[in-house]
Every structure is written in structure tokens, then in C-alpha cells.
Amino acid sequence: MICLGIESTAHTLGIGIVDSKGTVLANAKKSFFPDEGIHPREAAVHHTKHAMELVSLALASAKIDAVDIDLISFSQGPGLSPSLKVGAVVARTLALELKKPILGVNHCVSHIEIGKLKTGVKDPIIVYASGGNTQIIGLSGEKYRVFGETLDIGIGNMIDKFARKVRLGNPGGPIIEKIAKKGKYIDMPYSIKGMDMSFSGLLTFAVNAFILKKEKIEDVCYSLQHNAYSMVVEVTERALSHTGKSEVLLTGGVAASKMLQGMLEVMCTERGAKFNVVPVDVAGDNGAMIAWQGLIEYEGGRRQKMTDTEPNPKWRTDEVEVGY
Ligand code: AMP
Ligand code: MG
């Protein structure tokens with residue numbers, strides 16, 4: 001089977017084409033990163049504008065015709081409502097026109113499954129660190145349970161917001177990582193409540209440290225990353241300890257961070273656990289992960305009526321039945 005997957009939850013519109021073996025035939029994407037942060041309606045306008053051009057690009061790079069597609073999948077949630085609607089409309093249009101089945105999938109679960117496909121890891125504690133989401137997850141029964149998560153903003157959004165406030169550019173993740181290489185540690189807030197994390201206080205402190213206290217930008221960038229990533233590592237270590245699992249999978253856009261990878265790897269080595277990280281080309285939001293999720297759910301027997309394809313902006317990771 002060949003599936004075309006549509007990602008449109010936030011700033012990225014992605015069209016991926018994947019076959020049943022997990023070969024990524026195409027993974028076209030275009031992201032919307034305005035200087036002042038994302039406005040949901042503007043993101044939807046961006047996605048509408050580029051949808052058909054990206055579908056054509058993906059088909060051309062996969063070297064197939066639209067009629068060769070067997071299944072259309074799309075991100076049904078969670079995400080920004082106007083952006084999600086664009087993806088759903090494009091998916092319905094393609095499915096009706098091509099007379100193929102449609103399947104709306106959970107975006108967060110797709111980040112996990114593409115990581116499993118690409119690394120071969122079996123039953124890990126998952127560190128899902130992206131723009132809008134930060135969750136420490138493990139499979140139990142037929143659901144991915146969330147052991148700890150952010151209580152406020154996602155770790156990637158926190159970093160991006162800091163970069164925008166101090167005028168370093170957008171998205172901030174890669175920029176800050178580069179600047180931080182020359183930095184040293186200055187004391188900053190570290191906020192874990194039970195197994196949950198909070199990043200908004202750290203963001204405010206870091207902005208003030210640079211703008212009001214005139215601390216060096218490299219020190220602020222280093223310390224911001226240091227504390228944010230330490231919180232993630234601490235919760236991950238506790239999740240490993242409580243569940244007895246012995247593998248970790250890092251996925252989501254922030255998985256591109258060498259510093260986060262390094263810190264998780266040190267913790268895993270000390271515990272005798274195996275560390276895995278999703279390849280960078282499928283770390284951030286992309287259509288291939290949605291296509292792969294569509295395939296495994298369809299081949300596992302799930303079917304969806306057109307009338308059930310309304311987006312679900314608040315669809316949580318731990319609500320999805322994953323007994324495929
Ligand atoms: P996603 O929401 O999964 O598409 O991930 C996008 C997020 O990944 C953005 O917030 C980026 O700033 C972040 N990101 C990308 N590369 C890096 C990096 N090297 N370090 C930290 N964050 C990153
Ligand atoms: Mg994402």
C-alpha cells in the first residue's frame with residue numbers, strides 16, 4: 001500500500017508519501033515562521049496557499065501518479081483549529097476525488113511511531129519534545145500513557161519565544177543552540193512538580209536576565225537550555241525507574257538538539273538503558289510520519305467515515321487506542 005499523509009497542525013504544512021514497508025518516498029514541507037510568532041488564521045492562509053503545490057511536489061519526488069495512492073491520512077489533532085481544518089479539507093478532497101479511504105490520525109502518536117520505525121526501538125520511554133508539546137510517555141496496555149508533561153508551554157515554543165523576544169530570529173532552537181556553545185552556567189529557575197514540568201518562569205527569567213540584567217547572551221542561552229533539558233532528563237529518568245523500561249526514544253522537533261541528545265545519552269548510559277533518537281529529517285512536523293501512522297492503523301483494521309473527519313484540536317496522546 002502507498003499512503004499520502006498530510007500534516008498541518010501548526011506552522012508546518014507537510015505532504016509525505018510512504019509505503020507499507022516504511023520507505024519514505026517523499027516528504028515535502030513548507031513552514032510558516034513569522035517574526036512575531038504564529039497567528040492561527042495566518043498559518044491557515046499559508047497552508048491553503050501551498051497545499052496543491054506541495055501535493056504535486058510530493059508526487060513528483062515519489063515518482064508516482066495520484067492514482068497510485070491507496071490511502072489518504074491527515075493530522076486530525078491536536079493543533080491549531082484553522083490549520084487543522086486546511087489539512088482535513090485537503091484530505092477529504094483528495095480522498096473523494098481519487099475514491100480512496102481516508103484516516104485522521106493523532107499527530108503526537110505519529111511522532112512516536114515514526115521514531116520507532118526509524119530506530120527499531122521496541123518499548124521505550126518516549127521523550128516527545130516539540131514546539132507545542134513536551135511529554136514523557138510510555139506504552140502500557142493499548143495506550144501511550146503520559147507520565148509527565150509541561151504544565152504550560154511546549155519546550156520548543158519556550159525557546160522560540162525567547163529567541164523572538166531578544167531578537168535572535170525564528171525558529172530559535174538551532175540559533176540558540178549555536179550561541180550557547182560558548183556560554184557558561186548562570187543560576188535560573190528549575191521547575192518540576194511531581195512528574196510535570198513548567199517552562200514559563202524560566203522563559204521570563206531568561207528574557208529579564210538578558211534585557212534587564214545585561215547578562216551575556218551566550219550565558220543566557222546556555223543556561224536556558226541547560227535547565228529546560230535537565231528537567232526533561234530528570235522526569236525521563238524517573239519514568240525509566242518507575243516502569244522498569246530500558247530504552248529511551250527522543251522524538252519531535254527539539255530532538256534535533258545535540259545538547260538534549262547528549263544529556264539524555266549520559267543519563268541512559270549511567271542507568272544501562274539504550275538511547276535512541278529520531279533522524280533529523282523526520283524529527284520536526286512532517287507528512288511522512290502522518291502517512292506512516294495512517295498505514296499502520298489502516299493495516300491494523302481501523303476505518304473512518306467521512307463524517308468522522310472533523311478536526312479535534314485537543315486530542316491527547318493518551319486517548320488513542322494503539323492496539324494495531
Ligand atoms: P515541531 O513542533 O515538532 O515541528 O518542532 C519544532 C520545534 O523544534 C521548534 O520550536 C524549533 O525551535 C525546535 N528545534 C529545532 N531544532 C532545534 C535545536 N537544534 N535545538 C532546540 N530546538 C530545536
Ligand atoms: Mg509536532
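Residues numbered from 1 in each chain as written. Chains lettered and ligands numbered in written order. Predicted model: local features only at pLDDT ≥ 70, side-chain atom pairs only at ≥ 80, totals over all residues. Heavy atoms only, no water.

A. Examining the overall build of the protein more closely. Regarding its fold elements, the protein presents nine helices and 12 strands. Computed over C-alpha atoms, the radius of gyration of the protein comes to 19 Å, within 12% of the 20 Å expected from 2.2 N^0.38 for 324 residues, which places it in the range of a compact globule. Based on the C-alpha atoms only, the size of the protein along its principal axes is roughly 60 × 45 × 30 Å. For the protein, the residues scored as buried account for 55% of the 324 residues in total. At a minimum sequence separation of 6, the contacts of the protein that also span at least 24 residues come to 75%. Accessible area for the protein stands at about 13,700 Å²; split by element, carbon and sulfur atoms hold 54% of it. Of the side-chain charges in the protein, 37 are positive and 36 negative, and the distance between the mean point of each set is 3 Å. (Helix = DSSP H or I, 4+ residues; strand = E, 2+ residues; numbered from the N terminus. Rg over C-alpha atoms; globule rule 2.2 N^0.38 Å. Buried < 20%, exposed > 50% of the residue type's maximum accessible area, 1.4 Å probe, protein only. Contact = heavy atoms within 4.5 Å. Areas by Shrake-Rupley, 256 points an atom, 1.4 Å probe, with all protein chains shown as cover. Lys, Arg positive; Asp, Glu negative; His and termini not counted. Charge placed at Lys NZ, Arg CZ, Asp CG, Glu CD.)

B. Looking closely at the domain arrangement of the protein. As far as domains go, the protein holds domain 1 (2–111 + 282–319) and domain 2 (122–280). Here domain 1 and domain 2 have C-alpha centroids that lie 26 Å from each other. Taken together, the 16 residues of domain 1 in the interface contact 20 residues of domain 2. Carbon and sulfur atoms supply 55% of the area buried between domain 1 and domain 2, which totals about 1,500 Å² over both sides. Here arginine 316 and glutamate 149 are joined by a salt bridge, their closest N and O atoms 3.0 Å apart. Taken together, the connections running from domain 1 to domain 2 amount to nine residue pairs in polar contact (both at pLDDT 80 or more). Looking at the side of domain 1 that touches domain 2 residue by residue, the class counts come to six nonpolar, five polar and five charged. (Domains from an automatic or database assignment. Buried area = accessible area lost by both parts, 1.4 Å probe. Salt bridge = Lys/Arg side-chain N within 4 Å of Asp/Glu carboxyl O. Polar contact = N/O pair within 3.5 Å; in protein donor to acceptor, adjacent residues only side chain to side chain. Nonpolar A, V, L, I, M, F, W, Y, C, P; charged D, E, K, R; others polar.)

C. The coordination of the magnesium ion (ligand 2), seen in detail. Coordination of the magnesium ion (ligand 2) by the protein involves His107 (NE2), His111 (NE2) and Asp285 (OD), with metal-donor separations of 2.0 to 2.3 Å. Within one chain, the residues donating to the magnesium ion (ligand 2) are spaced in sequence as H-x3-H-x173-D. Of this pair, histidine 111 sits in helix α3 (residues 107–119) while aspartate 285 is found in the loop between β12 (274–277) and α9 (287–299), placing the two residues 174 residues apart along the sequence. (Donors = N, O, S within 2.8 Å, 3.2 Å for Na, K, Ca; no water.)

D. Spatial organisation of a positive patch on the surface. A cluster of basic residues, Lys178, Lys181, Lys182 and Lys258, forms a positive patch on the protein surface. Its place among the elements puts lysine 181 in the loop between α5 (172–180) and β9 (192–193). According to the relative accessible area criterion, lysine 181 is exposed, its value standing at 68%. (Patch = residues over 30% accessible without salt bridge, like charges linked within 9 Å, V, L, I, M, F, W, Y side chains within 5 Å.)

E. The arrangement of the pattern of salt bridges in detail. Under the criterion given, the structure shown has nine salt bridges. Of the charged contacts, one joins arginine 92 and glutamate 310 as a salt bridge, the two residues approaching to 3.3 Å between their closest N and O atoms. Of this pair, arginine 92 sits in helix α2 (residues 81–98) while glutamate 310 sits in the segment after α9, placing them 218 residues apart in sequence. Connected through shared salt-bridge partners, Glu149, Arg316 and Asp318 make up one network.

F. Structural detail: the sheet that holds strand β6 (residues 125–129). One open sheet accounts for five strands, arranged β8-β7-β6-β11-β12; its pairing is mixed. With one partner strand each, in any of the chains shown, β8 (143–149) and β12 form the two edges of the open sheet. Going from strand to strand, the sheet's axes swing by 25° on average, the running direction of each strand aside. Lying on the sheet, α3 is in contact with β6, β7 (134–140), β8, β11 (247–251) and β12; it crosses β11 at an angle near 120°. (Pairing = 2+ DSSP bridges. Axes fitted to C-alpha atoms, helices over the stretch in contact; angles between N-to-C directions.)

G. Main features of the site of ligand 1. Around ligand 1 sit 18 residues, and of these Gly131, Asp160, Glu177, Gly253 and Asp285 come closest. The separation between an oxygen atom of ligand 1 and a polar side-chain atom of aspartate 160 is 2.6 Å. The side chain of glutamate 177 places a nitrogen or oxygen atom 2.9 Å from a nitrogen atom of ligand 1. With the chains in place, 90% of the 510 Å² that ligand 1 exposes on its own is no longer accessible. With three residues, α5 is the largest single contributor of residues to the shell around ligand 1. Residue classes in the shell around ligand 1 are distributed as five nonpolar, 10 polar and three charged. Counting contributing residues per domain, the shell around ligand 1 is built from domain 1 (2–111 + 282–319) and domain 2 (122–280), each supplying no fewer than three. (Near = heavy atom within 4 Å.)

H. A look at the side chain of serine 83. Relative to the helices and strands, serine 83 resides in helix α2. For serine 83, the contacting residues outside a window of four places in its chain are Ser8, Thr9, Ala10, Pro40, Ala43, Ala44 and His47.

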